[in-house]
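# Structural description and commentary
The lines below spell out each chain.
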Amino acid sequence: MAPCAFPRKSRDIPAMTHAYRSHTCGQLRIDHKGQDIRLSGWVHRVRDHGGLLFIDLRDHYGLTQIVIDPASPAFKAAEKVRSEWVIRVDGKVQPRPAGTENSELPTGLIEIAASEITVHSEARELPLPVFGDTEYPEDIRLKYRFLDLRRDRIHGNIMKRGAIIDSLRRRMKEQGFFEFQTPILTASSPEGARDYLVPSRVHPGKFYALPQAPQQFKQLLMMSGFDRYFQIAPCFRDEDARADRSPGEFYQLDIEMSFVTQQDVFDAVEPVLRGVFEEFGGGYSVTPKFPMIAFRDSVRWYGTDKPDLRNPIKMQNVTEHFRGSGFKVFAGMIAADPKVEVWAIPAPKGGSRAFCDRMNSWAQQQGQPGLGYVFWRDGEEGAAGPIAKNIGLERTEAIKSQLALETGDAAFFVAGVPAKFYKFAGEARTKVGQDLDIIANDRFDFCWIVDFPMYEWNEDDKKVDFSHNPFSMPQGGLEALESKDPLDILAYQYDIVCNGVELSSGAIRNHRPDVMKKAFEIAGYAEEVLLEKFGGMYRAFQYGAPPHGGIAPGVDRIVMLLCNEPNIREVVPFPMNQQAEDLLMGAPSEATPKQLRELHIRLNLPE
RNA sequence: GCGGGAGUAGCUCAGUUGGUUAGAGCGUCGCCCUGUCACGGCGAAGGUCGCGGGUUCGAGCCCCGUCUCUCGCGCCA
């Protein structure tokens, strides 16, 4: 695990006469010996020796050991305290007796000899111990989030989150970006995700929507003549959760720039992300110059548009080696359909029957017919495995040479129409990498995925759809839209990916009303739709729109990566559960009849 | 909406092929303990085995249904 604990600097609280504390629990050192001090905090742990009693007192800043002698007037109170009570301790700083120092604690050379203990507040028996690092069920953690957040790891994560956001802001401002606020109550927009709606009291039957992203506002700011926009922007989408996706709401580092090419956006964003990952990445190496990978290549090489480049495996097309070969299954498929390809997944050091068989049965568990393979082992001429026998030495040698493999290695094969199998091939690539333990886990490997297709074929509706953002500028502009097959048109649309996590999507926007009209027409939308759905922005395009583009990296995912947490709830202070409920606040909740009346809403609940 | 996993004490978990009174650690409560930092020792309380039904002489365990949590798919431009 990457280091997550976030260092907390103690504040100076000078006066012993302060009602609660003269110092924090992370502050006192050997230099303070002999001083009379006052601390307030939570009882982290009590060790009662009968004749001598220790209390670990904890606050945001750290832990200090309190020692109470039976002769002390504080002893009676100390015997009563329990975990997570909040107390105030008056006492004297003293060096710990020789041999009892605790080198794991910054305050471990000293302790406080208590003279008085005052209880600020007691705690009931805990549903969730703060002490220790056991895993607890999500629902209890969320219901008692205030206890959960006292625990060291998540407390550190939340502090680190704040520091990362500070750093992002600072780096953006250094590059001449200016932070704006955009409306939270706005209009519904058919941008893809389901909207959260807010009923209007003043306008019966009408609704605001919470923004899925400030997309149109940031573009409007560019058309309003502001040059470089950013915002740590809350975004709302009513879609189901995943481990790396909060239900309901999340934050983006939303960015937009005027008079820029795609490369200008990359040049602006790359140093911000690299800087933040170097600053908070716990010494992991960060890609010095983010490579650009075309969407099409990413799918061919990695089986996904969000490749984890820490995995060195790159797939290759080996169709020709199987065409007309003795391995009839593949040869037959290739002969029957010109779209069929065979892809190879090289598996360095995977050359054993045990490993290859394990991969094969894994593939079957995934609902695949199996996973063909050949492997090369010591003291054996040519390759081993059933396929090798069928296609013969010459072809296996050609495959070995193309994939640059050696004795002791293996190659797995997936065959079919790539559009149908690439996803599985990507999973197999990941599985091979994981099982062979060749994924570098001490790096942040970034890349840009570029040249996304502008349109895709919607098989259900038998029509052409926008494949990503309808506001993206098609490569080749109006001419491409008018002359090319829509499915061949690429867009100035890009993603940034780190360690297999999609951090962000972005695009150079379409700022030309004529091009936009045509682009929507191809997707089957008349100009009226454009006017109705995107009226404000479409109007703005008519009055002098600068070429512009941007991107919006997901803040929560950046923090997840930097805290090395697999679940987004570990880096969000008050997350909702998978069902989009806030178990602490009890949201969502029913509205009163009065509220509903004011909003002109009558419920029509499911049976 | 669909599929996988889980649900036993306040918390983390064990519980054999279906067989006596369902166990352990932590926590709680009581007693003992002057150098601990996962303190230690002795004792006690604490259970609708998620819920409902079924099979059986007998169910924590088997079957059916259902609820909750979680992971994934769909969904998320």
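Bear in mind the structure is a predicted one, so any value in this text is a computation, not a measurement.

Moving on to the confidence of the model for chain A. Residues of chain A with pLDDT of at least 70 account for 97%, and the chain-wide mean is 91. As a predicted assembly, this complex carries a pTM of 0.92 together with an ipTM value of 0.88.

What follows concerns the sheet that holds strand β2 (residues 53-59). Around the barrel, which closes on itself, the five strands sit in the order β1-β2-β3-β5-β4 with mixed pairing between neighbours. Taken over all neighbouring pairs, the strand axes of this sheet differ in orientation by 55° on average, direction set aside. As defined by bridge partners, β2 adjoins strand β3 (residues 62-68) across seven bridges and the pair is classed as antiparallel. Across the sheet, Leu57 pairs through a bridge with Thr64, a residue of β3.

Moving on: the packing of helix α10 (residues 353-365) against helix α12 (residues 418-435). Relative to each other, α10 and α12 sit at 140°, their axes nearing to 11 Å. Taken as axis vectors, α10 and α12 run oblique relative to one another. Judged by the twist between their axes, the crossing of α10 over α12 is right-handed. Residues Phe355, Arg358, Met359, Trp362 and Ala363 of α10 pack against Phe424, Glu427, Ala428, Lys431, Val432 and Asp435 of α12. The residue inventory of the contact of α10 with α12, partitioned by class, reads seven nonpolar, no polar and four charged.

Moving on to the protein's contact with RNA strand B. Around RNA strand B, 49 residues are found, and the nearest of them are Asp48, Thr100, Glu111, Pro137 and His468. Backbone sugar and phosphate groups make up 52% of those atoms of RNA strand B lying within 4 Å of the protein. Between a base nitrogen of RNA strand B and a side-chain N or O atom of Glu111, the distance comes to 2.5 Å. Contact between RNA strand B and Asn469: a sugar or linking oxygen at 3.0 Å from a main-chain N or O atom of the residue.

Taking strand neighbours across the sheet as the criterion, the four strands line up as β13-β14-β16-β15 in an open arrangement whose pairing is antiparallel. Both outer strands of the open sheet, β13 (316-317) and β15 (372-375), are each paired with one neighbouring strand and no more. Here seven bridges tie strand β14 (residues 341-347) to strand β16 (residues 410-416), and the two strands are oriented antiparallel to one another. Within β16, the position partnered with Ile345 by the bridge is Phe412. The strands touched by α10 are β14, β15 and β16; relative to β15, the strand with the most contacts, the crossing angle is about 170°. Contacting β14 and β16, α12 runs over the sheet at an angle of about 5° to β14.

The next thing to look at is helix α9 (residues 328-336). Burial in α9 covers these residues: Phe330, Ala331 and Ile334. Around the axis of α9, the buried residues are gathered within 100° of arc, so they sit on the same side. In α9, the exposed positions angled more than 90 degrees off the buried face are occupied by Lys328, Val329 and Ala336. At its buried positions, α9 is contacted by α8 (319-322), β14 and β16.

Take the pairing of strand β22 (residues 501-508) next. In this sheet, β22 lies alongside strand β21 (residues 493-498) in antiparallel orientation, the contact comprising six bridges. Looking at the pairing, Cys498 lines up with Val501 of β22. Between β21 and the antiparallel strand that follows it, β22, lie two residues; Asn499 among them carries a positive phi value of about 50°. Direction of pairing for β22 relative to strand β23 (residues 548-551): antiparallel, over a ladder of three bridges. Among the inter-strand pairings, Ile508 is bridged to a residue of β23, identified as Gly549.

Attention now moves to the side chain of Asp56. Tracing the backbone through its elements, the reader meets Asp56 in strand β2. For Asp56, a relative accessible area of 10% corresponds to the buried category. Setting aside residues up to four positions removed in sequence, Asp56 forms contacts with Trp42, Val43, His44, Arg45, Arg47, Leu63, Thr64 and Gln65.

On to helix α17 (residues 555-563). Of all nine residues that make up α17, eight are buried, and the element is covered over most of its length. Of the residues one or two after α17, Asn564 is the one with positive phi, at around 55°.

Given two aromatic rings, one states the distance between the centres and the angle between the planes to describe the pair. Using the criterion set out here, one finds 29 aromatic pairs in the structure. Taking the centre distance of 3.8 Å and the plane angle of 10° together, the rings of Phe266 and Trp448 count as stacked. Within this pair, whereas Phe266 is found in helix α6 (residues 262-280), its partner Trp448 is found in strand β18 (residues 446-450), the two being separated by 182 residues in sequence. Trp448 shares its class with Phe266; the two are buried. Taken together through their ring pairs, the aromatic side chains of Phe266, Phe277, Tyr284, Phe290, Phe444, Phe446, Trp448 and Tyr494 make up a single cluster.

Another point: a positive patch on the surface. A surface patch of positive charge is lined by Arg242, Arg245, Lys306 and Lys423. Checked against the element boundaries, Lys423 lands in helix α12. A relative accessible area of 57% places Lys423 in the exposed class.

Reading the values: the criteria
- Residues numbered from 1 in each chain as written.
- Chains lettered and ligands numbered in written order.
- Predicted model: local features only at pLDDT ≥ 70, side-chain atom pairs only at ≥ 80, totals over all residues.
- Heavy atoms only, no water.
- pLDDT = per-residue confidence, 0-100.
- Pairing = 2+ DSSP bridges.
- Helix = DSSP H or I, 4+ residues; strand = E, 2+ residues; numbered from the N terminus.
- Axes fitted to C-alpha atoms, helices over the stretch in contact; angles between N-to-C directions.
- Parallel < 35°, antiparallel > 145°, perpendicular 65-115°, else oblique.
- Left-handed = near helix turned anticlockwise from the far one by under 90°.
- Contact = heavy atoms within 4.5 Å.
- Nonpolar A, V, L, I, M, F, W, Y, C, P; charged D, E, K, R; others polar.
- Near = heavy atom within 4 Å.
- Polar contact = N/O pair within 3.5 Å; in protein donor to acceptor, adjacent residues only side chain to side chain.
- Buried < 20%, exposed > 50% of the residue type's maximum accessible area, 1.4 Å probe, protein only.
- Arc of directions from axis to C-beta.
- Phe/Tyr/Trp six-rings, centres within 6.5 Å; stacked < 30°, edge-to-face > 60°.
- Patch = residues over 30% accessible without salt bridge, like charges linked within 9 Å, V, L, I, M, F, W, Y side chains within 5 Å.
- Areas by Shrake-Rupley, 256 points an atom, 1.4 Å probe, with all protein chains shown as cover.
- Salt bridge = Lys/Arg side-chain N within 4 Å of Asp/Glu carboxyl O.
- Lys, Arg positive; Asp, Glu negative; His and termini not counted.
- Charge placed at Lys NZ, Arg CZ, Asp CG, Glu CD.

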